[in-house]
Amino acid sequence: MQALILAGGKGTRLRPLTVYTPKPVVPICNRPFLLYQIETLRRAGIHDITLSLSYQPLKIEQLLGDGSEYGVKIKYTTEPQPMGTAGAYKFAEELIRERTVVFNGDILTDLDLEKVLAEHDQRQAAATIVLAPVDNPGSYGLVETEADGRVRRFLEKPKPDEISVNTINAGTYVLEPRLLDMIPAGENYSFEYGLFPALLQRGEPFFAHVPERAYWIDIGTPARYLQVHHDLLAGRVGQVQLPERLGEFDSATTAEFDELSRIADGCTLKPGAQIVNSVLGPGCYVDERARVENSVVWSHTRVSAGAQITNAIIGRGCHIGRSAQVGAGAVLGDKSSLTDYTQTETTS
Ligand code: GDD
Ligand code: MG
């Protein structure tokens, strides 16, 4: 059994965070995102993992290396230009010899992969797709199923009047290698608009797996990037091993941080600083009376005295001026600098 992670998208919806950091390795609770997926695969006994890259591939390769540090073997394929999701699978053909688990490189789940594999095997499926229930199927691939679990219809990004069910493609597939022959070589082709509709047309055994109860999120927008942090901090995601809650950092005796927050190595909290339900990356400096609440702050950012950051995402190496107020929905790219007293939201 092997795995392919589709990690070549540009992450445009997560800009500006993805300008210098490709989406597959944005930090989630201070850990590069793909490590969560690698851990899920390793837990299911899958060690042979290929990463399919296109955007900023070197940054990803440098970070993850050959995988030995994480108990797996990682190989890379890099498309000269994005080939689409199924095109990326075809492009990796040389490395694919057997049944393969394919992950979209931006979903976090505590799914029991072994159950999916057992079901795929038992049904002798050509393809199995994992489903998740969501409130807004319009942003995803809608999947209708028959009573026996066969996929009846696959409709990517359905229009409001096309939404018939709330089950969507969770971005996890089990594929038999013979499907590679159905994908045209050298052209842009996707699972969602190309291969899946083609499987249905040909009457191939294409099945859906509906997990009993699983956490699932696509981290690809700022709102969901923040949401996944809150879910992880609150312990709503099973199976996930987070890094230590607190690293080695300096804290004044009058600084406060709550039970939920995670503070990485090398941070400094000055007197009266408050950290609530938030994540601070390595080497952040939070000055006197500054408050960081429900937020994610990447490494080496400085929050000056009296500044308040609430429900926001702050990139690496930013400077938040004195008494600045950074409010809900703000997303600051790396090295942003906010002048003292800046307000990102006006109250009147
Ligand atoms: N290598 C490679 N090449 N990877 C790609 C390419 C490509 O050309 N295009 C996209 N990817 C990767 C992205 O990096 C991402 O990890 C994954 O494929 C899915 O792409 P997104 O751009 O995030 O798609 P989406 O979120 O709009 O929709 C997809 O995911 C939903 C679940 O999160 C679809 O698969 C939907 O059907 C699905 O519901
Ligand atoms: Mg996505």
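By convention here, each chain's residues receive numbers from 1 onward along its written sequence. Chain letters start at A and ligand numbers start at 1, both assigned in the order the entries are written. Reporting of local features is limited, given that this is a predicted model, to residues whose pLDDT is at least 70; pairs of side-chain atoms are given and counted only at 80 or more, and all residues count toward the totals for whole chains, interfaces and linings. Remark: hydrogens and water are excluded; side-chain values derive from all non-hydrogen atoms of the structure.

J.: Could you give me a rundown of the overall build of the protein, with the residues and numbers involved?
T.: Helix and strand content of the protein: six helices and 29 strands. A globule of 348 residues ought to have a C-alpha radius of gyration of about 20 Å, and the protein, at 22 Å, matches this closely. With the C-alpha coordinates aligned to their principal axes, the bounding extent of the protein is approximately 65 × 45 × 35 Å. Three labels apply to residues, based on accessible area from a 1.4 Å probe with only protein chains included: buried if under 20% of the type maximum, exposed if over 50%, partly exposed otherwise in between. In the protein, which comprises 348 residues, the share counted as buried stands at 55%. The long-range fraction of contacts in the protein, counting pairs at least 24 apart against all pairs at least 6 apart in sequence, stands at 51%. All accessible-area figures derive from a Shrake-Rupley calculation using a 1.4 Å probe, and residue coverage is judged against the displayed protein chains alone. Total accessible area on the protein stands at roughly 15400 Å², and carbon and sulfur atoms take up 46% of it. In this tally, Asp and Glu contribute negative charge and Lys and Arg positive charge; neither His nor the terminal groups of the chain are included. One atom stands in for each charge, and that atom is NZ of Lys, CZ of Arg, CG of Asp or CD of Glu. Positive and negative side-chain charges in the protein, numbering 34 and 43 respectively, have mean positions lying 2 Å apart. Numbering goes from the N terminus for both helices and strands, where a helix is a DSSP run of H or I of at least four residues and a strand is a run of E of at least two. Using C-alpha atoms as the atom set, the radius of gyration is obtained and then compared with a globule rule of 2.2 Å times the number of residues to the power 0.38. By definition, residues are in contact when any of their heavy atoms lie within 4.5 Å.

J.: Go over empty space enclosed by the protein, please, and point to the residues and values.
T.: Here a cavity means grid points, on a 1 Å grid over the protein atoms only, where a 1.4 Å probe fits yet cannot get out; a pocket means an open set of points with protein on both sides within 12 Å along at least five of seven lines; lining residues are those with an atom within 4 Å of a point. Grid points are joined across faces, edges and corners, and a volume is the space filled by probe spheres set on the points. Overall, the coordinates contain two cavities of 30 Å³ or more when judged by the stated rule. Considering the residues around the largest cavity, the lining is formed by Arg31, Tyr36, Glu39, Thr40, Arg43, Leu108, Thr109, Gln239, Val240 and Gln241. Residue assignment for the lining of the largest cavity shows that the elements contributing at least two residues are helix H1 (34-43) and strand E7 (107-109). Asp, Glu, Lys and Arg are counted as charged, while Ala, Val, Leu, Ile, Met, Phe, Trp, Tyr, Cys and Pro are counted as nonpolar; the rest, among them Gly, fall into the polar class. For the lining of the largest cavity, the per-class residue count stands at three nonpolar, four polar and three charged. The volume enclosed by the second largest cavity comes to roughly 30 Å³. Taken together, Gln37, Thr40, Phe103, Ile107, Leu108 and Thr109 make up the lining of the second largest cavity. Sorting the residues of the lining of the second largest cavity by element identifies H1 and E7 as the ones contributing at least two each.

J.: How would you explain the site of ligand 1 if you had to name every residue and give the values?
T.: By nearness alone, 27 residues border ligand 1, and Glu79, Glu156, Asn169, Glu192 and Asp218 come closest of all. Here a polar contact is recorded for every N or O atom pair within 3.5 Å, except that within protein the pair must consist of a potential hydrogen donor and a potential acceptor, and residues adjacent in sequence are included only if both atoms are side-chain atoms. At 2.7 Å, a backbone N or O of Gly9 approaches an oxygen atom of ligand 1. For ligand 1, an oxygen atom lies 3.0 Å from a polar atom in the backbone of Gly141. Within the complex, the protein chains bury 90% of what would otherwise be the 730 Å² of accessible surface of ligand 1. Under a 2 Å grid-point criterion requiring more than half of the atoms, the pocket assigned to ligand 1 is the largest pocket. Taken together, the elements giving at least two residues each to the shell around ligand 1 come down to strand E1 (2-7), helix H3 (85-91), strand E10 (151-156), strand E11 (167-175) and strand E13 (216-218). Note on definitions. A residue lies near a molecule or strand when any single heavy atom of the residue is within 4 Å of it. Any molecule with more than half of its atoms within 2 Å of a cavity's or pocket's grid points is regarded as sitting in that cavity or pocket.

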